[in-house]
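# Remarks on the overall topology
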Amino acid sequence: MANPSPAPAVHGLQTLPTDDVRQLMWRFADRFELQLLVQAARTVARGPVARLVADGGRNSHDWTPGKAALLQQFDESGITAAALDPEDGGFIAGPKNLALALAAFELSWVDAGAATCSLAGNLGLAPIHERGTPEQRAKYVAAAAPLKPGETRTQVRAAFALTEPIPFVGVETGMMGGKVRVAEWKDGAEPLLQVDKRGRFITNMAFANVVTAAVDSDDKRIKGSCMIILEEGDPGIWDRGTATKKLVHQLSSTNDPVFNLTVPAHRIVGGYTVKDGVIVPNYSHSDIIEAVFRRTRVTVGLMTAAKLLSAVEPVILYQRRRFRGGEGAPGTPRYELGLQQKEDVLHRLVDIWATGEASASLGFEAARLFDVLDPLEKQKDAWLAEKKLAGRAALKELATKQKDALELLQITGKPVGARDLKRQENLESDPMVQFALLDSLANVLCPACKLWNTGYGANMMREAVSLMGGYGVTEDCPGFLGQKWMDAQLEATYEGPEAVQRLQLSVTMTNEVFLAQFKQWIAEMKRLASERPGTGACTLGTAMQLWLWTLQHVQTATDADGAKLYHKTRQGVTFPLADALCWLLAARQFIFDVAELETKGAANAALADGLPGFVSFFNDLCHVQSARAAGEVSRITAELVFGYNRHPAWDETSCHACYCAEELESLEGMIPGIDGSARAYADVTETGEDHPCKAGPCVKFTGLEGYTRLRSKLDGCLTGCRLAKDRAAEALTGVMTREALDYPV
Ligand SMILES: Cc1cc2nc3c(=O)[nH]c(=O)nc-3n(C[C@H](O)[C@H](O)[C@H](O)COP(=O)(O)OP(=O)(O)OC[C@H]3O[C@@H](n4cnc5c(N)ncnc54)[C@H](O)[C@@H]3O)c2cc1C
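Residues numbered from 1 in each chain as written. Predicted model: local features only at pLDDT ≥ 70, side-chain atom pairs only at ≥ 80, totals over all residues. Heavy atoms only, no water.

## Observations regarding the overall build of the protein chain
Note the cut-off: The helix and strand labels rest on DSSP assignments: H or I over at least four residues marks a helix, E over at least two residues marks a strand, and numbering proceeds from the N terminus. Two things to know: the radius of gyration comes from C-alpha atoms, and the globule rule equals 2.2 Å times the number of residues to the power 0.38. Whether a residue is buried, partly exposed or exposed follows from its accessible area with a 1.4 Å probe, protein chains only, as a fraction of its type maximum: under 20%, in between, or over 50%, in that order. Any two residues whose heavy atoms approach within 4.5 Å are treated as being in contact. Using the Shrake-Rupley algorithm and a 1.4 Å probe, accessible areas are obtained, with residue cover drawn only from the displayed protein chains. Note that His is not counted, nor are the chain ends; the positive residues are Lys and Arg, and the negative ones are Asp and Glu. Lys charges are placed at NZ, Arg charges at CZ, Asp charges at CG and Glu charges at CD.
Of regular secondary structure, the protein chain possesses 23 helices and 10 strands. A compact globule built from 745 residues should have a C-alpha radius of gyration of about 27 Å, and the protein chain, at 28 Å, falls within 12% of that. By principal-axis analysis of the C-alpha atoms, the protein chain measures approximately 95 × 70 × 60 Å. Burial analysis of the protein chain (745 residues in total) assigns 55% to the buried set. Contacts in the protein chain between residues far apart in sequence, at least 24 positions, make up 75% of those at least 6 positions apart. For the protein chain, the computed accessible surface area is about 32,200 Å², with 54% contributed by carbon and sulfur atoms. Here the protein chain contributes 79 positive and 91 negative side-chain charges, whose respective centroids are spaced 3 Å apart.

## Here's the deal with empty space enclosed by the protein
Gaps between atoms show up when a probe of the same size as a water molecule is rolled over them. Selection rule: Grid points spaced at 1 Å over the protein atoms alone were grouped into cavities, where a 1.4 Å probe fits but cannot get out, and pockets, open sets with protein on both sides within 12 Å along at least five of seven lines, with lining residues defined by an atom within 4 Å of a point. Grid points are joined across faces, edges and corners, and a volume is the space filled by probe spheres set on the points.
Tallying each qualifying case throughout the model produces 1 cavity of 30 Å³ or more. Estimated volume of the largest cavity: approximately 40 Å³. If you list the elements that add at least two residues to the lining of the largest cavity, you get α4 (97-108) and α5 (112-131). Here the element with the most residues in the lining of the largest cavity is α4; it accounts for 4 residues.

## Structural notes on the packing of helix α9 (residues 343-386) against helix α23 (residues 721-734)
For any two helices packed against each other, one specifies the crossing angle of their axes together with the interaxial distance. As a reminder of what qualifies: All axes are obtained by fitting lines to C-alpha atoms, using only the stretch in contact for helices, and the reported angles, taken between N-to-C directions, cover 0 to 180 degrees. Oblique is the label for any angle not covered by the other classes, which are roughly parallel (under 35 degrees), roughly antiparallel (over 145) and roughly perpendicular (65 to 115). Residues were grouped as follows: Ala, Val, Leu, Ile, Met, Phe, Trp, Tyr, Cys and Pro as nonpolar; Asp, Glu, Lys and Arg as charged; and all remaining residues, including Gly, as polar.
Packing of α9 against α23 brings their axes to within 9 Å, and their N-to-C directions diverge by 100°. In this view, α9 runs roughly perpendicular relative to α23, as classed from their interaxial angle. Each of Glu343, Leu346, His347, Leu349, Val350, Asp351 and Trp353 in α9 lies in contact with α23, whose residues at this interface are Arg722, Lys725, Asp726, Ala728, Ala729, Leu732 and Thr733. Split into classes, the residues belonging to the contact of α9 with α23 amount to 7 nonpolar, 2 polar and 5 charged.

## A closer look at the site of the ligand
Counted only if it meets this: If even one non-hydrogen atom of a residue comes within 4 Å of a molecule or strand, that residue is called near it. In protein, a polar contact means a hydrogen-donor-capable atom and an acceptor-capable atom, both N or O and within 3.5 Å, with residues adjacent in sequence counting only if both atoms are side-chain atoms; elsewhere, any N or O pair within 3.5 Å suffices.
The full set close to the ligand counts 22 residues, and Thr163, Val171, Arg200, Phe201 and Thr203 are the nearest of them. Contacts to the ligand include valine 171, whose backbone N or O atom sits 2.8 Å from an oxygen atom. The contact in question runs from an oxygen atom of the ligand to an N or O atom on the backbone of glutamate 495, over 3.4 Å. When the ligand sits alone it has 970 Å² of accessible area, and the protein chains cover 70% of it. Taken together, the residues that form the shell around the ligand break down as 11 nonpolar, 7 polar and 4 charged.

Here you go:
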């Protein structure tokens, strides 16, 4: 047996994480423009946004002058322009997923309604940005730039209108009530279209002057669905509708608008062709929604991550001061530590912090991934256009690149000496192979981060609220934690609730290219476990094996009635497996981010003193989070693997037979009916004779030994995780905080 690993060196956590730490972990230490954006967004968040919340700005459903004034703050600080390319008035070149994620994170640290207000403008323009014609981009995107001194044009403020009054569009985006018809089509002239759209819960609608709306054809002369650009001033009805009586994100505007407008056909997003007298939009509304949401949902996931991390300082301040006054004197544990003398409050705060870190790690990784994927996606579109391929033919061509990607993964999975290096180089240099690899990851990471960060994050915000006692549920709660708890639920709902993300994951997580990479990640995690013991990497690697085993099992297994387990209608199987995967992905990325901090932090003089403390504390948080993730995976997979088998007849006698002789002995006298006669049943079985419950003691099912072996291995991998939690809890009692939060309450 190997020697037990030595206890990790304890380096105290001196302060809460600084900007230097975050820049390394989230990989923008070399991006000065992003650092400036973070500072600008922070100044707006902790200044005017916080003051508005503290002054009760959230207590009205209406779009008030105070809320409207924030738009100017976003413009003047550069937050609005951060979404634009330099030629359109922006200051960040190239993809901006990480940039927008960082800005949203900073704003949501104080109030995610403010973040939503700023981001919804980008969402409104995103259909044009992603799929618009060059003319549409030139007209609308550049016009969203804040006005320069002396400019008199109207600044575009956009809204995105997909959701409709019940019973139409919600989660099911195909059930569309919004219609488009030909209003007038004169010979040789551009057709005029009649657009009839009612929206529900449309953000920015109190002030938007451009709306991208999803509509379906109600005319033989228009094919399918599309998104269409509506402008305030188009002939017809432009009714902003009533304000939604929201309990959340009150600093953003949400209305139920009504539109009945006549617009020229060139407003169809992405353009159209005319075929045999029929207008054929180049993109259906679902093509566009897919392109838009796969990016914007990542940012939403980061809003909840920011809330969790923002809760750490106010909770520590509250805990430490709770018992001051009375008989306690400075210097006594009661005075200095207050509630932090109690283990439970520390452990709960460790869980909140670890969740916040893991969700931020997952979200920023997804944002960075899209920054790499964006140019590849453009190359892919150009490549297919050059080959004149669309629809099924395009998918067929892309499938060849997926095969190449799988081959590349097979090669890189071998030891270097056994690889065909020439072939590897060829495949690696093919941008379409790179696209196939990264696209398969993006299709998993985006829904995973939206689902886990917001859904589980909302649960953990409740924990944060509970640690503040009665204050937690008042408007005076430092850090606005009560509001943030409720806000997190909206983040779990809009841009597609959890069910939508689970549906998507249930398809994308079975993609062969993703799974081939996932298998390599298991080996990588095991390697990391030996290089960085104490991070929980070993636990996580085994939990990843368990998840993969279960996925492969349910893909072929049937239930007790012979029905397939892995099927799109069987959400009881596919959804929990999607949830389990999210736990793994978040904990995995957190481990990588801490490794990055340790590696690169050594070169940063500003971190010289604090680095060992940050690294050892974060490693402990990683361990805690990995153990928690492993527990979830274990619980979920066990239910799926065993839960669809039917238990043999369950009466008192056969129930006893499910205990082995040893268990019966220990239970004798504790459970009524367990006595010597029951032991006799178990004995009978042990000798191989007919067992009353037929399946044998402990209801064994053949073929599942691999699972049970892995699961018991996983239990052993949890070694040390509670020691890590104790150390992290201890660190919370010594970490330095500010005297007061840096924003008003
Ligand atoms: C404050 C706010 C701002 C918003 N901003 C916008 C905006 O700017 N633009 C816009 O277009 N929309 C916006 N929305 C709408 C939002 O995106 C939708 O509310 C959301 O997508 C869910 O639709 P729904 O409310 O109709 O829920 P439903 O479709 O009724 O779904 C309700 C629940 O039923 C379950 N469910 C539904 N379908 C399935 C399924 N297939 N499988 C399993 N379970 C299922 C899920 O649990 C789901 O959460 C906003 C909403 C709010 C509250």
